[in-house]
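A closer look at the structure
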Amino acid sequence: MTEALVFGPFRLLVARRELLAHGVPVTLGQRAFDVLLLLVSRHGQLVTKDELMAEVWPGVVVEENNIQVHVSALRKVLSTAGDGGRYLLTVAGRGYRFVASVERESAAPPGTLTASVLDQPGTAAPATPNNLPQQLTSLIGREEVLGDIKARLNSHRLLTLTGSGGVGKTRLAIEAGGTVLDHYPDGVWLAELAPLSDAQLVTSIIGDVLGVSLSVPTAAIETLASALKDKQLLLIIDNCEHVIAEAARVAEALIRNCPRVSILASSRERLAIQGESVIRVPSLPTPQESVALTAASGREYAAVRLFAERASAFGLGFSISDENAAAVGSICRRLDGIPLAIELAVPRLKVLSVQQLARGLDERFRLLTGGSRTALPRQQTLHALIDWSYGLLSDAEKVLLGRLSVFSGSATLASIRTVVATVEISPEQVGDLLFSLVEKSLVHTDLTASETRYRLLESTRCYAYEKLADAQGMRQRHAEHFATRLGQATAEWERTATRPWIALYGADIDNLRGALEWAFGPDGDITVGLDLVAHSHVLWAELGLMLEHRRWVTEALSKIGKKTPAEVAARLLSWQAGDVRELDDPADYKEAMRAAITYRKRADGFHEGRTLLRAGTARLLPGRVEEGERLLRKCHALVQPFGATKTLGRCLSALASARLFAGDLPQARLLHDEAVRIYRELGESLEDYPNS
């Protein structure tokens, strides 16, 4: 007995190199048989033109049209002798896929004519027709999204998966299609649009996938809709972004005219047509930088599990351990949890340690190359992946994307508009352009903050910075803006409850860090750097980042010169007590008094009072309480006329401590109660001031 591959009314007898149709031999040339055997043996999978040449013409240089000639001959044979079913699918620019269901069985001895397996009694009914490729790796961390897709398909006939390049939209669409095969008697069909360069071919590709002949181009959509009018099927339209308008036109026509056809589209932006439901596919969860990872805790993050599984598959003996978990977590986090980026990174473990790979991500576009040979060119390197999206942008969108790269972390629309708007992009244009980049999944939104914030994924930011024409000018504008914004934040802090204040300004810490690194760097602006430090004391303090605060204060103080404005110097010396210096550090008192003298000369009573609060608090030590209380009472006299402020509340609390140290408990309680009244007037939670 020898093996036979059975599809429709055909039996492909491998050992005899013979094709039977309805039990009757069909004449095929040697090369055509080899092409058919390769395609059928890998049914459902894409067989590239290079693979066909290598298998059918090994060691021989042939023209590509040789393949086309033999495939064309096979199409004629299969359509003439077949049952009208669909067998061969052309994947434009890439290769071919055999899309019919195939069964393997033992063939009868030579000379015996057998009926088609479909005609034999007791044969199981064929599975739901489809052309979904077999997946060779497991899907990790997508259970929730996959469940959402299946649920939406039950209630919506048009569902679009959007998200950044490489996030896994195609894989999810195929996986979802495979889980709902039994819901669509007429099949689940995948139409891949990525290879298209001409939007007018969208209908042709879909028609080819569904076996609909579109002989009249001017009426192609109408013909397609008519052919599918009574069909119950799911059409997966993959990678629509570069032909979005035509894909939307075809999808809308099918949804309107074919009541039992459902469409699952994938695109970096939505189709934006009536009846569309959208699922934004997120990156895989990654550990925060502050989380101390172990092997066990690392596996709780899908991105880390993906890295570990793909690395293990390379046969390198890799596994997550307590020693390497932090480095793996860093890699996944810096790649923004994008599955394709992680899969591009893993092969580097052949020549790099995990720690070296983590450090090498500073040169990510050089490092992350060499993906799957059968993948689309844009999916073989991280740079090419983003380049694909960039190429679809308008000139104005490209300019904006480049300018957005100067922001670290996220930013508000107001900040973005202030920094990026110039003659090329007016302030009025920024909002619309930003919205367009959000739609195209190049900019991400954070809707959990008190004000919507926008950010680039780290890899996109690195790419966009390469495209930025006036990097120096934009970095200057960015740093100057945040010096101004943080000055405003510090002023508002005095009369704003802490939690909403942090919600409004806390996320600016990443932009502050980026601006400071630039300002004090070789190409920066020291003057702007001093302003940034001078206006950011409160932000560092409220976020509890004392060590970072100390670093930048020390850096700034070392740069003060004769030309430094007195007000700037005073602000640099005016951090809150204990945030940079220890309370018993003599420099804390001396620097506060220097700042107080400067403010007194400028007739700035409120800020003189703030610095005296710091000096007085520094003197609330054994043997110096009286001196400290004297300074605090002077502070109280200076800040009280300005009404309820946090500085007044803190001054009253410090005076209460001074009275307590002096043994005057009744007065200490009165001062404490007055401080509490101030905090409550400001809407402050007393949990934020446990010593008050």
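For the structure, check the block above.
Only a predicted model underlies this, so the values are computations on that prediction, with no experimental measurement involved. (Residues numbered from 1 in each chain as written. Predicted model: local features only at pLDDT ≥ 70, side-chain atom pairs only at ≥ 80, totals over all residues. Heavy atoms only, no water.)

The next subject is the sheet that holds strand S7 (residues 95–98). A sheet is described by the order of its strands in space; here three strands give the open sequence S5-S7-S6, paired in antiparallel fashion. Across the chains shown, the open sheet's two edge strands, defined by having one partner strand only, are strand S5 (46–48) and strand S6 (88–91). Sheet twist, expressed as the mean angle between neighbouring strand axes with direction ignored, is 30°. Summarising the sheet, S5 and S7 pair through three bridges and their orientation is antiparallel. In the strand pairing of S7, Leu46 is matched with Arg97. (Pairing = 2+ DSSP bridges. Helix = DSSP H or I, 4+ residues; strand = E, 2+ residues; numbered from the N terminus. Axes fitted to C-alpha atoms, helices over the stretch in contact; angles between N-to-C directions.)

Now for the nonpolar core. If you look at the biggest cluster of nonpolar residues, it comprises 56 residues, and the most contacted ones within it are Leu404, Phe407, Ile416 and Leu532. Ignoring any residue separated from it by four or fewer positions in sequence, one finds Leu532 in contact with Ala479, Phe482, Ala483, Leu512, Ala515, Leu516 and Ala519. The next biggest cluster of nonpolar side chains, apart from the first, holds 36 residues, and it includes Ile205, Leu235, Cys258 and Ala265. (Core = buried A, V, L, I, M, F, W, Y, C linked by side-chain atoms within 4.5 Å. Buried < 20%, exposed > 50% of the residue type's maximum accessible area, 1.4 Å probe, protein only. Contact = heavy atoms within 4.5 Å.)

What follows is about the environment of Cys462. In this fold, Cys462 is placed in helix H19 (residues 458–467). Classification of Cys462 by relative accessible area gives partly exposed; the value is 25%. Each C-alpha atom, one on Cys462 and one on Val406, is 9.6 Å from the other, the two residues being 56 residues apart in sequence.

Attention now goes to helix H31 (residues 665–681). Between its first and last C-alpha, H31 extends 24 Å over 17 residues, near the 24 Å set by a 1.5 Å rise per residue. Within the span of H31, buried status applies to Ala668, Leu671, Ala675, Val676, Ile678 and Tyr679. Taken down its axis, H31 places every buried residue within 160° of arc, on the same side. Pointing more than 90 degrees away from the buried face of H31 are the exposed residues Pro666, Arg669, Leu670, Arg680 and Glu681. At its buried positions, H31 is contacted by helix H30 (646–661). Its side-chain oxygen 3.3 Å from the backbone nitrogen of Gln667, Asp664 forms the N-cap of H31. Looking one or two residues beyond H31, the residue adopting positive phi is Gly683, at roughly 75°. (Expected span 1.5 Å × (residues − 1). Arc of directions from axis to C-beta. Polar contact = N/O pair within 3.5 Å; in protein donor to acceptor, adjacent residues only side chain to side chain.)

All right, on to the pairing of strand S9 (residues 158–162) then. Most of S9 is tucked away, with five of its five residues classed as buried. Burial along S9 is two-sided: the face carrying Leu158, Thr160 and Thr162 and the face carrying Leu159 and Leu161 are both buried. Relative to strand S12 (residues 261–266), S9 runs parallel, the two being bridged by four bridges. In the sheet register, Leu158 faces S12, and the bridge partner there is Ile263. When S9 meets strand S13 (residues 276–280), the two strands line up parallel, connected through five bridges. Paired with Leu161 across the bridge in S13 is Ile279.

Turning our eyes to something else, we now look at the pattern of salt bridges. Using the criterion set out here, one finds 34 salt bridges in the structure. Residue Glu567 is joined to Arg571 by a salt bridge in which the shortest nitrogen-to-oxygen separation is 3.9 Å. A residue pair is termed a helical-turn pair when its members lie 3 or 4 positions apart in one helix, as Glu567 and Arg571 do in helix H26 (residues 566–572) at four residues. Residues Glu629 and Arg659 are paired through a salt bridge, measuring 2.9 Å at the closest nitrogen-oxygen approach. Placement of Glu629 in helix H29 (residues 625–639) and of Arg659 in helix H30 is noted, with a sequence separation of 30 residues between them. With relative accessibility at 9%, the residue Glu629 sits in the buried group. What makes Arg659 buried here is its relative accessible area of 18%. (Salt bridge = Lys/Arg side-chain N within 4 Å of Asp/Glu carboxyl O.)

The final tally for this structure, using the stated rule, is eleven aromatic pairs. Ring plane angle 70° and centroid distance 5.2 Å describe the contact between Phe606 and Phe642, whose orientation is recorded as edge-to-face. Highlighted residues: Phe606 in helix H28 (residues 605–618) and Phe642 in the loop between H29 and H30, separated in sequence by 36 residues. Taken together, the ring pairs connect Phe7, Phe10, Tyr87 and Phe98 into an aromatic cluster. Between the NZ or CZ atom of Arg551 and the centre of the ring of Trp552, over which it lies, the distance is 3.9 Å. Lying over the aromatic face of Tyr589, Arg619 brings its terminal NZ or CZ to 3.5 Å of the ring centre. (Phe/Tyr/Trp six-rings, centres within 6.5 Å; stacked < 30°, edge-to-face > 60°. Lys NZ or Arg CZ within 6 Å of the ring centre and 35° of its normal.)

Strand order in the open sheet made by the five strands is S10-S11-S12-S9-S13, with parallel pairing throughout. Two strands in the sheet have a free side with no partner beyond their single neighbour: strand S10 (188–192) and S13. For this sheet, the mean angle separating the axes of adjacent strands, direction not counted, is 20°. Strand contacts of helix H8 (residues 244–257): S9, strand S11 (233–238) and S12, with the helix running at about 160° to S12, the strand carrying the most contacts.

Turning next to the packing of helix H1 (residues 30–41) against helix H2 (residues 49–56). Following both chains from N to C, one finds H1 and H2 inclined at 125°, their axes separated by 10 Å at the closest point. Classified by the angle between their axes, H1 and H2 sit oblique to one another. As for the relative orientation of H1 and H2, their crossing is right-handed in sense. Packed against H1, whose contacting residues are Arg31, Asp34, Val35 and Leu38, the element H2 presents Glu51, Leu52, Glu55 and Val56 at the interface. Looking at side-chain class alone, the contact of H1 with H2 contains four nonpolar, no polar and four charged residues. (Parallel < 35°, antiparallel > 145°, perpendicular 65-115°, else oblique. Left-handed = near helix turned anticlockwise from the far one by under 90°. Nonpolar A, V, L, I, M, F, W, Y, C, P; charged D, E, K, R; others polar.)

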